[in-house]
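# Notes for the structure review
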Amino acid sequence: MTPPTLDDDALAAAGRVDRDRLWQRLMEIARFGATGRGGVNRQAFSAEDAAARRQMADWAASLGLHCLTDRIGNLYLRRPGRDPEAAPVMTGSHLDSQPTGGKFDGAYGVIAGLEALQAIAQAGLETARPIELVAWSNEEGSRFQPGCMGSGVFAGEMALADLLPLVDAEGISVEAALAGLFEATPGLPARPAAAPAAYIEAHIEQGPILEREGRTIGVVGGVQGMRWLTVEVTGEAAHAGTTPRAARRDALKAATRMVVALEAAFAEADPEDILRFTVGRFEVEPNSPNTVPARVFFTIDFRHPEAAAIEDLCGRIEGICRAQAQGCPVTVTTISGLPPCVFDPAVVATVRGAAERLALSHRDIMSGAGHDAMNLARLCPTGMIFVPCEAGVSHNEAENATPDDLAAGTRVLAASLVALANR
Ligand code: GLV
Ligand code: MN
Ligand code: MN
């Protein structure tokens, strides 16, 4: 695809973006799941997630947007185009959060999309293509693994039937939790299947580069690949006071050795500090002070910009774990993966062109964080817009961004959407 023209209509839409309205809506959404330390806990398919969805549907009604859904609970807000049959241009992000998440990760892309649609309407524009705003289900993957479920099903990368039976830590299934989400917005029609013409997602950077360099817009060229694995180590429960060392099969001691050995092996393989290796969940059973641990379960989040490095280094995980198992059976399972993704050059050029026309400082950037855009990129020309966040902090209740930067990203989004929707 060749980059679309950023004409006067695109600039007019950008000019209607209202910084304070954008900020106010972000703060209203942040009330759903608000934590004491200024963040949010709005995990996928929770009551808080459902309440945020209800709020979106109310805003859609007040703006005359059509609200639609699908069986994985994605919420679509549609603004018709001149040609009702034309493939829509889509924008969006997610409303679910980490357990100790911030106000902006995900919510920004959704609320920026809503602001862009309102700005386009206030500029009196009719676009050739429809524009659809979407709030994707379960991007974070902290309550139900894997993440990016909504966009995964939409893009045909995941099968709904495989996801519905998955359970959270309390044994609640995706299917049961989804029922609560649907109850919050009863009677929404199903979105008719229609592949998008293009997709563009606004997001805070979640890293320190833009702020450090004093630039307002990140023109995102792609996203590094990620793979999630689980490791289960089986030991044997035994009395803490009586069982001699030689008679123990301690799953916790084996598992901690594994984590230390993995960390050391990856540090050695990666002197330039490019790969990202995280053990973010660690469960011990029976979790009793005076019983030798019988089972440990932990997760691995592994990321790298090169597919070959992911393949090679993740391929070493099982061997490293087994070498530390000391008699404990160990099972390593890959639960999800997204290859590194390169965004469409024309969409990237559209974002860069919009930043230039709007006289906003910008730079090209790669995303370290994962996004729904990775799934969409398999379906249609895709790009992303980053804005700075304070000290690069994210997945943290202290996450912050300035109203001016958030509005600037939304102006780039509005201009890009108009340009893409008039192609
Ligand atoms: C998304 O939140 C990610 O884990 O990158
Ligand atoms: Mn996000
Ligand atoms: Mn996130």
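Sequence positions are assigned chain by chain, starting from 1 and proceeding in written order. Chains carry letters from A onward and ligands carry numbers from 1 onward, assigned in written order. Given that the model is predicted, a residue must reach a pLDDT of at least 70 before its local features are reported, and side-chain atom pairs must reach 80 or more before they are shown or counted; all residues, however, enter totals for whole chains, interfaces and linings. Hydrogen atoms and water are omitted, and side-chain values are computed over all heavy atoms in the structure.

### A short note on the overall build of the chain
Secondary structure is summarised from DSSP: a helix means a run of H or I of at least four residues, a strand means a run of E of at least two, and numbering begins at the N terminus for each. Along the backbone of the chain there are 14 helices and 14 strands. The globule rule used for comparison is 2.2 Å times the number of residues to the exponent 0.38, while the radius of gyration itself is calculated over C-alpha atoms. Expected size for 423 residues packed as a compact globule is a radius of gyration near 22 Å; at 23 Å, the chain falls within 12% of this value. Once the C-alpha set of the chain is aligned to its principal axes, its extents read approximately 80 × 50 × 40 Å. Relative accessible area decides the class of each residue, using a 1.4 Å probe on protein chains only: under 20% of the type maximum gives buried, over 50% gives exposed, and in between gives partly exposed. Here the chain holds 423 residues, and the buried ones make up 57% of them. In this description, contact between two residues means that some pair of their heavy atoms is separated by no more than 4.5 Å. In the chain, of all internal contacts separated by at least 6 residues, the share reaching a separation of at least 24 is 81%. Here, Shrake-Rupley sampling with a 1.4 Å probe gives the accessible areas, and only protein chains in the shown set may cover a residue. For the chain, the accessible area works out to roughly 17000 Å², and carbon and sulfur atoms hold 51% of it. In this tally, Lys and Arg are treated as positive and Asp and Glu as negative; His is ignored, and so are the chain termini. Think of each charge as sitting on NZ of Lys, CZ of Arg, CG of Asp or CD of Glu. In the chain, which carries 37 positive and 53 negative side-chain charges, the distance between the mean positions of the two groups comes to 1 Å.

### Side note on the site of ligand 1
Any residue with a heavy atom positioned within 4 Å of a molecule or strand is treated as near that molecule or strand. Around ligand 1, a shell composed of Glu139, Glu140, Arg303, Ala369, Gly370 and His395 is seen. His395 is positioned with one of its side-chain polar atoms (N or O) 3.0 Å from an oxygen atom of ligand 1. Out of a free accessible area of 190 Å², ligand 1 has 92% covered by protein chains. Gly is put with the polar residues, along with every residue not named as nonpolar or charged; the nonpolar set is Ala, Val, Leu, Ile, Met, Phe, Trp, Tyr, Cys and Pro, and the charged set is Asp, Glu, Lys and Arg. Split into classes, the residues belonging to the shell around ligand 1 amount to 1 nonpolar, 2 polar and 3 charged. The definition of a polar contact used here is a pair of N or O atoms within 3.5 Å, where within protein one atom must be able to donate a hydrogen and the other to accept one, and adjacent residues in sequence count solely through side-chain atom pairs.

### Quick look at helix 7 (residues 174-184)
Of all the positions in helix 7, only Val174, Ala177, Leu178, Leu181 and Ala184 are classed as buried. For helix 7, the arc enclosing every buried residue in end-on projection is 105°, short of the 170-degree limit, so these residues lie on one face. Where helix 7 is buried, its residues touch helix 3 (47-62), helix 5 (149-154) and helix 6 (160-163). Working note: the arc is built from the helix axis to C-beta atom directions.

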